Amino acid sequence: MSDAHQERRYWRSVERLLESPALHQEPSPELADGADLPPDELTRRSVMKLLGASFALAGLTGCRRPEEHIVPYVQAPEGLVPGVPQRYATTFPLGADAYGLLVESHEGRPTKVEGNPQHPATCGAATAWMQAATLELYDPDRSRRVLRRQRAAADEAGEGGEDEPGLQAGGWDDFVAAWRQGAEGIAAGGGAGLAVLVEETSSPTLGRLVSELRRRYPAARVVAWSPVSDGAIYRGLGGRRPWYDLEHARVVLALDCDLLLTESNSLHHARGFAAARRPERAAEGMLRLYAVESTLTLTGANADHRLRLQSRRVPAFLAALGRELGVAAGGGDAARELPAEVAARVPVIARDLRAAGSGALVAAGRRQPEAVHRQVLAINQALGAVGTTLALQPLADVLWGEAEGLRELVAGMAAGEVETLVMVGGNPAYDAPADLGFAAALDRVPVSVHLSSRRDETSRRATWHLPRAHFLEAWGDARSVDGTASVIQPLIAPLLGGISDVELLALVAHGEARPGHEEVRETWAARGVGGEEAWRQALHDGVLPPGSEAGAGTAAMVGAAPAPEPAAEAEPAAAAVPPAAGEGSPAGGEDGYEIVFCPSPYLWDGRFANNAWLQELPHPLTKVTWGNAALVSPATAAELGVGAGDRLLLNHAGHKLALPVFVLPGQADGSIAVELGYGRAAAGRVGDGVGRDAYRLRTAAAPWIATAVTAHRTWGDGTLVQTQEHARMEGRQLVREAPVAAFLANPGFAQEPEAKLRLESLWPEPAYDEGPQWGMAVDLSRCIGCMACVAACQSENNIPVVGPEMIARGREMHWLRVDRYFAGDAADPEVVFQPVPCMHCENAPCEQVCPVAATVHDGQGLNLMVYNRCIGTRYCSNNCPYKVRRFNFFNYTKATPEIGKMAMNPDVTVRSRGVMEKCTYCVQRISEGKLAAKSAGRELRDGDVVTACQQSCPTEAILFGDLLQADSRVVERKASPRDYTLLAELNNKPRTTYQAKIRNPNPEWT
């Protein structure tokens, strides 16, 4: 590696990049100003809010904890051993996606979520949403009863909580009786006046019930709506959905498409991406990734080459690319539409794609219009990618819709044509396009029913509110992108009397209440999985075996025009004509700024807003927690005269919103990105009032990209809570990376700095030659920065949330952090991620300064914490060069309600105030693995112990194992010439080492 590359400067923020060099001469304090101050009363109240611990809930008796018997079982349930967890397969549904899971259960209490290795959508990995599912299950703000709103009394009192005047509490039987009474009139009119609004789903059972409902009520309206939908992709691909095989791709172009995090099937994409980027096989071919996007995404951050381009100009870029590849192109002046530096790169990308042939792939994101996806399909057909890196899957069992269907429904509601509206999930009063006026139209419907997990913005306006069962409490099914079907099976009886989507839709379709289990069994019995043995096998495996279905449903686009016929693959040149410049792009003029709407990587469309784990998880790129911002480029910030701490007033089509400003390196000039899912008014104690509601700017005509936007600085405090400046290690060379050519020429470049060191200890050190000896390897080439490992660590180790006030003081409690570094120019930087847990140093500096021996080493190389010895001096934290220790300043778990305690891992101590916490290498899992091996009468094997972070990582960037086991994967990885030690010059001898990042740039890209 060249000296220039070796000495490149890494920085964390624009503010730090622009600091004077003189500011780096004095070391900064360990913690932010005020971090050492005791919590004030406001903070105490905030903590209680985060826990959901009102004193009324602290003694909650409506929670169904598993029964405990004083007298032991005479005959215990099969397979139940107290203290030994069991694992069950189920499925996590998210819109039209389905992710297979394995959920750990302690005596009937789900506590930990992992990916199902047999499910192709997860391959054993899990996202932050999945990891936080248990906290969602035990949320004390979930609804506990059926509520009926007496409209006249409620209108006088206004909106409020469950105790507002005009609300009558009841049960499921009360609603069933009321529905049957009204169903006779609905049936007499053939369903005229009845409307059913469902969330986008891929459930075969829900699809079957919708079909039956239409047969029973032919005049009824059935509409599907989800604020985050792939509808434009489905229409552009002729009613099909794309399945990408990145593992066998050689050149990938992502157009406004976050393949690795927020697009559909992202876990599968991340696993394939990492497999195709193995530097040790670089000589055989290594995937090269290009990204063209307006806002920096994880895909763009991991790309070898990234072009900043406003989202509205992507059609022009695609037209220019099509011309270079000889694919039929429409009109448009790319030279006018594209910046010169972007237009100059188009031929380079086209040559690389053409050279890759069937190993090439072009993918466009859900933000782009239908015409773009038609053109992308034509290009992939011309390259030969269809059938190799791209498979076009039928939309089997998918219910989907678009804003036009919702617009027609709202018009009918406002005109008095809808007398009964049944809403199965969703929250359209919050997330429907602002120009449709859904909330006002809902008030005009005489009878409205809303099934939701809490009394949210929509339920507060509905006649009936039904508590929705969590997916871990309900029966259901779903189909993933590749067509794999799986069953959603409950791991616990409904804690709060929740009703499933299947049960409500069955009541509407059949007129009678039936258990969800019966409905799901009926669906799969008709498809050849009716036998008891086959059914039990499907529940055990979590997936239905290929070929087991006698028949599968088809896609149903509800509430809008049918999808066009697929393009003829035999004629790629004429398969899809690209739009002229501006054709098919979102409505609006070309003047002014553009707003790009993005689903939150953690709150998604707002459904997870009341989940404190997800609110506190730092954004992978901005490191902002507890809020959203207007993301602007450094040049746009200068043009608008705004910076950190300011607020920006955005105006689109008469809708206004003020947001804090975040200057994000890599953001396209003239493009302002905002995240959806924040600004909730009725999410619960945690989510209410956090961030700003970007749906107020979103219209049906421009759901993803709004143009002709005006923006200017406005009054108010725009301070954001973020962690990117916490735990700095003072500018040392922490990240090592090289282009693939330099790596092949000098494979040991990462170890050269260590080779120059002469490290000798001042005292005799332990030998650590008896097994097992535990260690970890983190491959920076594989780490994409998704933060799933941090969420998994929090769930596994009972790590508390501390709230925005404490985060601002530098008191976050996460045991694992993922540092994000920029390199190069602020306008267009490169990005690299580095997970940093406790290093478990053999020569640990923390142990040398602890006055009470609270931090000690054991014979397996683990750095341990003895909590009942710790007196809180924090000397260990001061002496830790990696800054991986967290001091528990406050007893965040003291007032946890009973239902909240159910989310805690019984194998891990729940810490109180005044102790130092840190990564333990999941010592509880080490003990579990040892006991399992001992019970089986064998030695520990590689893979018997898997840490929480390793298990959740979609790219297998983290490996853990016994360093004395020669054939273990961690030993193999540590033997790589890319392996290096963080801050090796300190002679701490950490058990966690890193493998340098290798990029694959195009030699023509100069």
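Thresholds, definitions, all that
Residues numbered from 1 in each chain as written. Predicted model: local features only at pLDDT ≥ 70, side-chain atom pairs only at ≥ 80, totals over all residues. Heavy atoms only, no water. Helix = DSSP H or I, 4+ residues; strand = E, 2+ residues; numbered from the N terminus. Buried < 20%, exposed > 50% of the residue type's maximum accessible area, 1.4 Å probe, protein only. Contact = heavy atoms within 4.5 Å. Areas by Shrake-Rupley, 256 points an atom, 1.4 Å probe, with all protein chains shown as cover. Salt bridge = Lys/Arg side-chain N within 4 Å of Asp/Glu carboxyl O. Core = buried A, V, L, I, M, F, W, Y, C linked by side-chain atoms within 4.5 Å. Phe/Tyr/Trp six-rings, centres within 6.5 Å; stacked < 30°, edge-to-face > 60°. Lys NZ or Arg CZ within 6 Å of the ring centre and 35° of its normal. Pairing = 2+ DSSP bridges. Axes fitted to C-alpha atoms, helices over the stretch in contact; angles between N-to-C directions. Expected span 1.5 Å × (residues − 1). Right-handed = clockwise from strand over helix to strand, strands pointing away. pLDDT = per-residue confidence, 0-100. Parallel < 35°, antiparallel > 145°, perpendicular 65-115°, else oblique. Left-handed = near helix turned anticlockwise from the far one by under 90°. Nonpolar A, V, L, I, M, F, W, Y, C, P; charged D, E, K, R; others polar. Polar contact = N/O pair within 3.5 Å; in protein donor to acceptor, adjacent residues only side chain to side chain. Disulfide = S-S within 2.5 Å.

As a further point, take the overall build of the protein chain. A count of helical and extended segments in the protein chain gives 36 helices and 41 strands. Considering the protein chain as a whole, with its 1006 residues, one finds that 62% of them fall into the buried category. Across the protein chain, the fraction of contacts at a sequence separation of at least 24, relative to all contacts at a separation of at least 6, is 76%. Just so you have it, the protein chain exposes about 36500 Å², and 52% of that area is on carbon and sulfur atoms.

The next thing to look at is the pattern of salt bridges. Counted according to the given criterion, the structure contains 54 salt bridges. Notably, a salt bridge pairs R817 with D819, separated by 2.9 Å at the nearest N-O pair. For R817, a relative accessible area of 10% corresponds to the buried category. Among the charged side chains, a salt-bridge network with shared partners connects R208, E212, R514, E518, E519 and E522.

Attention now moves to the nonpolar core. Ranked by internal contacts, the top residues of the largest apolar core, which has 182 residues, are F92, L648 and L650. Every residue in contact with F92, bar those within four places of it in the chain, is listed here: D97, A98, Y99, L101, W129, M130, F471 and F608. Ranked by size, the runner-up nonpolar core spans 32 residues in total, among them V146, V422, V424 and L507.

Moving on to the packing of aromatic side chains. Two measures describe an aromatic ring pair: the distance that separates the ring centres and the angle between the ring planes. Under the definition given, this model contains 14 aromatic pairs. Seen in terms of ring centroids, F175 and W464 are 5.1 Å apart; in terms of plane orientation they differ by 70 degrees. Their pairing is edge-to-face. With F175 in helix α8 (residues 172–188) and W464 in strand β18 (residues 464–467), this pair connects stretches of sequence that are 289 residues apart. A centroid spacing of 5.3 Å and a plane angle of 10 degrees characterise the contact between W774 and F960, whose relative ring orientation is stacked. Taken together, the residues span a long stretch of sequence, with W774 in strand β31 (residues 774–779) and F960 in strand β38 (residues 958–962) at a distance of 186 residues. By way of ring pairs, the aromatic residues W172, F175, W179 and W464 are connected into one cluster. Taking the ring centre of Y430 as reference, the NZ or CZ of R680 above it sits at 5.0 Å.

Before going further, it helps to examine the sheet that holds strand β13 (residues 360–364). Pairing is parallel across the open sheet formed by four strands, whose spatial order is β12-β11-β10-β13. Looking at strand neighbours, the two that pair on one side only are β12 (305–308) and β13, the edges of this open sheet. Within this sheet the neighbouring strands show an average axis-to-axis angle of 10 degrees, counted without direction. Contacts from helix α17 (residues 370–383) reach β10 (251–255) and β13 within the one sheet, and its direction differs from that of β13 by about 175 degrees.

The next subject is unusual backbone geometry. P772 follows G771 through a cis peptide bond whose omega is -5 degrees. In this structure, A708 is a non-glycine residue whose phi angle is positive, near 55 degrees. Note that A708 resides in strand β28 (residues 705–718).

Compared with an ideal rise of 1.5 Å per residue, which puts 12 residues at 16 Å, helix α13 (residues 314–325) spans 16 Å between its outermost C-alpha atoms and is within 8% of the ideal. The buried count for α13 comes to 10 of 12 residues, which makes it a mostly enclosed element. Remark: G326 follows α13 within two positions and exhibits a positive phi of approximately 75 degrees.

All right, on to the pairing of β10 then. Burial analysis of β10 places five of its five residues in the buried class, the great majority of the element. Where burial is concerned, the two faces of β10 agree: the one with V251, L253 and L255 and the one with V252 and A254 are both buried. The pairing of β10 with strand β11 (residues 288–293) spans five bridges and is classified as parallel. Residue pairing across strands places L253 opposite Y290, the latter belonging to β11. Since β10 and β11 lie parallel, the crossover through helix α11 (residues 266–275) that links them has a hand, and here it is right-handed.

This part is about the confidence of the model for the protein chain. Confidence in the prediction of the protein chain, expressed as mean pLDDT, is 86, and 85% of residues score 70 or more. Note that pLDDT drops below 50 for residues 1–5; the model gives that stretch nine contacts with residues more than four away or on any other chain. Note that pLDDT drops below 50 for residues 20–28; the model gives that stretch five contacts with residues more than four away or on any other chain.

Moving on, we get to the environment of R271. Among the structural elements, R271 can be located in helix α11. Separated by 683 residues in sequence, R271 and P954 place their C-alpha atoms 5.5 Å apart.

One can describe the packing of helix α9 (residues 204–216) onto helix α21 (residues 501–510) by two numbers: an axis separation of 8 Å at closest approach and a directional angle of 20 degrees. As summarised for this structure, α9 and α21 are arranged roughly parallel, according to the angle between their axes. In this structure, α9 crosses over α21, and the sense of that crossing is left-handed. Only D501, V502, L505, A506, V508, A509 and H510 of α21 make contact with α9, whose side of the interface consists of T205, L206, L209, V210, E212, L213 and R216. For the contact of α9 with α21, the per-class residue count stands at nine nonpolar, two polar and three charged.

Looking now at the sheet that holds strand β2 (residues 86–94). Overall, antiparallel pairing links the three strands, which are arranged β2-β3-β4 in an open sheet. At either end of the open sheet lies a strand with only one pairing partner, and these are β2 and β4 (109–115). Within the sheet, the average angular offset between the axes of one strand and its neighbour, ignoring direction, is 35 degrees.

What follows is about the environment of D907. Secondary-structure assignment places D907 in the loop between α33 (898–901) and β37 (916–917). Residue classification places D907 among the partly exposed positions, given a relative accessible area of 38%. With 109 residues separating them in the primary sequence, D907 and N798 have C-alpha atoms 9.6 Å apart. Apart from the residues lying within four places of it in its own chain, the contact partners of D907 are H106 and Q924.

This part is about the side chain of S480. On the secondary structure map, S480 appears in the loop between β19 (476–479) and β20 (485–488). Looking at S480, its side chain comes within polar contact range of the side chain of D482, at 2.6 Å. Setting aside chain neighbours within four positions, we find S480 in contact with A98, H119, A121 and R241.

W535, A538, L539 and D541 are the residues of helix α23 (residues 532–541) that are buried. At its buried positions, α23 is contacted by β2, β20 and α22 (516–525). Of the residues flanking the end of α23, it is G542, one or two places downstream, whose phi is positive at about 85 degrees.

Before going further, it helps to spend a moment on the environment of L421. In this fold, L421 is placed in strand β16 (residues 420–424). For L421, a relative accessible area of 0% corresponds to the buried category. Sequence separation between L421 and G193 is 228 residues; the distance between their C-alpha atoms is 8.3 Å. Filtering out sequence-adjacent residues up to four positions away, L421 remains in contact with A195, L197, L409, M413, F438, L442, V445, V447, S448 and V449.

Take the state of the cysteines next. Scanning the entire structure with this criterion turns up zero disulfides. With no disulfide of its own, C789 has C786 as its nearest cysteine by sulfur position, at a separation of 6.4 Å. Unpaired in terms of disulfides, C841 finds its nearest cysteine sulfur in C838, a separation of 6.5 Å. The class of C841 is buried, set by a relative accessible area of 7%.

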